[in-house]
Amino acid sequence: MTSNQATNPAVNPKRVGEPQTLGFLLLDNFTLISLASAIEPLRMANQLAGSELYRWYTLTQDGLPVRASDGVQVTPDASMHAPLSLEWVVVCGGVGPQHSVTREHVRWLQSQSRKLRRLGSVCTGSWALGQAGLLDHYEASIHWECLASMQEAFPNVILTTYLFSIDRDRFTASGGTAPLDMMLNLITHDHGRELSAGISEMFIYERVRNEHDQQRVPLKHVLGTTQPKLLEIVALMESNLEEPIELDELASYVNVSRRQLERLFQRYLLCSPSRYYLKLRLVRARQLLKQTPLSIIEIASVCGFVSTPHFSKCYREYFGVPPRNERLGSHDRQGNSSKSPPFIKRWGEEPTANEPSSCARQALANAQGEPTFASVRLLS
């Protein structure tokens, strides 16, 4: 796909009133929670809107049942080769994506990219997109267990530790409930914040996380077991954020010199010990800002900063936004007012008579018959 194709909004526009059609490609050992976290927001969007905004199909390579990582067998709606007019394709990965992605998967995904689809993934599904060369020079997320191996396998992919990444016509979520946050952000872009807020209320989901929220990546999965002293030092840092330990004292705890300590951090973490310690404290501060009612003064104190101005300065330098704006939640990476995510809709051809029946319409009809239907009402 060329850059012009990726950003040209005039290509294949969607006609008003038509549902957006998604295909969820299920790999062997996919994680069921990630699939559910991606589909359920679409179901609830239809229910709250009272119309079929989204239509979805589950797909496998050959149309045969596939088992999730928890052993549940799922019978798909169709083979991935069925004559469907898909506008989005979402690869659902799970355990061992290196062994689940076949050459046929790769060829099919590449053919979808040539039809200007939105391409996405949940959990480890981005491995399939990476193997197909469809994430080269895109920001992408994957479950933290696969970060190191994917970076080594696909060096042209710009891997992040974010819960999810939306980059032009690619969207990737790390796993677990992160696909829920990603889908809510996509729904906000397509249909407005009020609809996504209604979905969150129905799901008792108090805070929708955004692209800047980080996965918690255990350092041992980055370094392995080859650097026990470094892991021990980081564990000490993590346990002492409110009252930071001096570097000389940290070095003495694990019987290394200050110079050895600095070399370890520079070699394996690509920064100084003090910089890494500051990062830990700032990440903790960000969690407290977004998840607690603590004041900025209190957060500065519990994260080991001697003054609020110093905390604010460090925070802005690291995250690109002051703490106050972070708490308000309306900013981009430069602290400016946020705008719509930079991706373009890709619309498929009109459905044909050969399409299998989607469960989206039936789910909406079932919801309309429930006594709780429309218990959350949209203002418009």
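Residues numbered from 1 in each chain as written. Predicted model: local features only at pLDDT ≥ 70, side-chain atom pairs only at ≥ 80, totals over all residues. Heavy atoms only, no water.

## Thoughts on the nonpolar core
Piece 1. Leu-22, Phe-24, Tyr-54 and Met-183 are the most contacted members of the largest nonpolar core, which has 37 residues in total.
Piece 2. Put simply, the parts of the chain that give this core at least two residues each are strand 1 (20–26), helix 2 (32–49), strand 2 (54–60), strand 6 (88–92), strand 10 (164–167), strand 11 (170–173), helix 7 (178–191) and helix 8 (193–202).
Piece 3. Not counting residues within four places of it along the chain, the set of residues in contact with Met-183 comprises Leu-22, Phe-24, Ala-38, Pro-41, Leu-42, Trp-88 and Phe-171.
Piece 4. Counting residues in hydrophobic clusters, the runner-up holds 31 residues, among them Leu-84, Val-106, Leu-119 and Ala-128. (Core = buried A, V, L, I, M, F, W, Y, C linked by side-chain atoms within 4.5 Å. Buried < 20%, exposed > 50% of the residue type's maximum accessible area, 1.4 Å probe, protein only. Helix = DSSP H or I, 4+ residues; strand = E, 2+ residues; numbered from the N terminus. Contact = heavy atoms within 4.5 Å.)

## With respect to the sheet that holds strand 2
Piece 1. An order of 5-2-1-6-7-11-10 is seen for the 7 strands of this open sheet, with the pairing classed as mixed. Only two strands of the sheet have a single partner each, and these edge strands are strand 5 (78–79) and strand 10.
Piece 2. As defined by bridge partners, strand 1 adjoins strand 6 across 5 bridges and the pair is classed as parallel. What sits directly across from Leu-25, in strand 6, is Val-91.
Piece 3. Its contacts with the sheet place helix 4 (residues 103–114) against strand 1, strand 2, strand 6, strand 7 (118–122) and strand 11, and it is angled at close to 155° to strand 6.
Piece 4. Contacts between helix 7 and the sheet are confined to strand 1, strand 2, strand 6, strand 7, strand 10 and strand 11, with strand 11 contributing the most and set at about 150° to the helix. (Pairing = 2+ DSSP bridges. Axes fitted to C-alpha atoms, helices over the stretch in contact; angles between N-to-C directions.)

## Examining the confidence of the model for the protein
Any residue range with low pLDDT should be treated as having predicted coordinates unsuitable for detailed reading.
Piece 1. Looking at the protein, the pLDDT average stands at 83 and 81% of residues meet or exceed 70.
Piece 2. Contacts from residues 1–13, a stretch scored under 50 in pLDDT, to residues over four places away or in other chains number 22 contacts.
Piece 3. Counting interchain partners and residues more than four positions distant, the pLDDT-below-50 stretch residues 330–350 has 61 contacts. (pLDDT = per-residue confidence, 0-100.)

## Quick word on the side chain of Thr-58
Piece 1. Tracing the backbone shows Thr-58 in strand 2.
Piece 2. Thr-58 sits in the buried class, given a relative accessible area of 10%.
Piece 3. With residues near it in sequence (within four places) discarded, Thr-58 still touches Phe-24, Leu-26, Ile-39, Thr-75, Pro-76, Asp-77 and Ala-78.

## Details of the pairing of strand 6
Piece 1. Most of strand 6 is tucked away: 5 of the 5 residues are buried.
Piece 2. Across the two faces of strand 6 the burial is the same, with Trp-88, Val-90 and Cys-92 and Val-89 and Val-91 all buried.

## Looking at the pairing of strand 10
Piece 1. Because side chains alternate across strand 10, one face comprises the buried residues Phe-164 and Ile-166, and the other comprises Ser-165 and Asp-167, equally buried.
Piece 2. Connecting strand 10 to the antiparallel partner strand 11 that follows it, the hairpin turn spans 2 residues, and Arg-168 within it adopts a positive phi of roughly 55°.

## Points about the packing of aromatic side chains
Piece 1. On inspection of all chains with the given rule, the structure shows 8 aromatic pairs.
Piece 2. In this structure, Arg-281 packs its charged tip against the face of Phe-305, placed 4.3 Å from the ring centre. (Phe/Tyr/Trp six-rings, centres within 6.5 Å; stacked < 30°, edge-to-face > 60°. Lys NZ or Arg CZ within 6 Å of the ring centre and 35° of its normal.)

## Describing unusual backbone geometry
Piece 1. We note that Asn-29 has phi near 65°; this positive angle belongs to a residue other than glycine.
Piece 2. Residue placement: Asn-29 occurs in the loop between strand 1 and helix 2.
Piece 3. Residue Asn-29 is classed as partly exposed on the basis of its relative accessible area, which comes to 34%.
Piece 4. Of note in the backbone geometry, Ile-204 takes a positive phi value of approximately 55° without being a glycine.
Piece 5. Its location among the elements puts Ile-204 in the loop between helix 8 and helix 9 (220–223).

## With respect to the pattern of salt bridges
Piece 1. Going through the model one piece at a time under the given rule, you end up with 12 salt bridges.
Piece 2. For Arg-258, the salt bridge identified is with Asp-248, shortest N-O distance 3.1 Å. A residue pair is termed long-range when its members are at least 10 positions apart, and Arg-258 in helix 12 (residues 258–268) and Asp-248 in helix 11 (residues 247–253) qualify at 10 residues.
Piece 3. Taking the relative accessible area as the measure of exposure, Arg-258 reaches 36% and is therefore partly exposed.
Piece 4. Judged by relative accessible area, Asp-248 falls into the partly exposed class, the value being 48%.
Piece 5. The network of salt bridges with shared partners includes Arg-207, Asp-213, Arg-286 and Glu-326. (Salt bridge = Lys/Arg side-chain N within 4 Å of Asp/Glu carboxyl O.)

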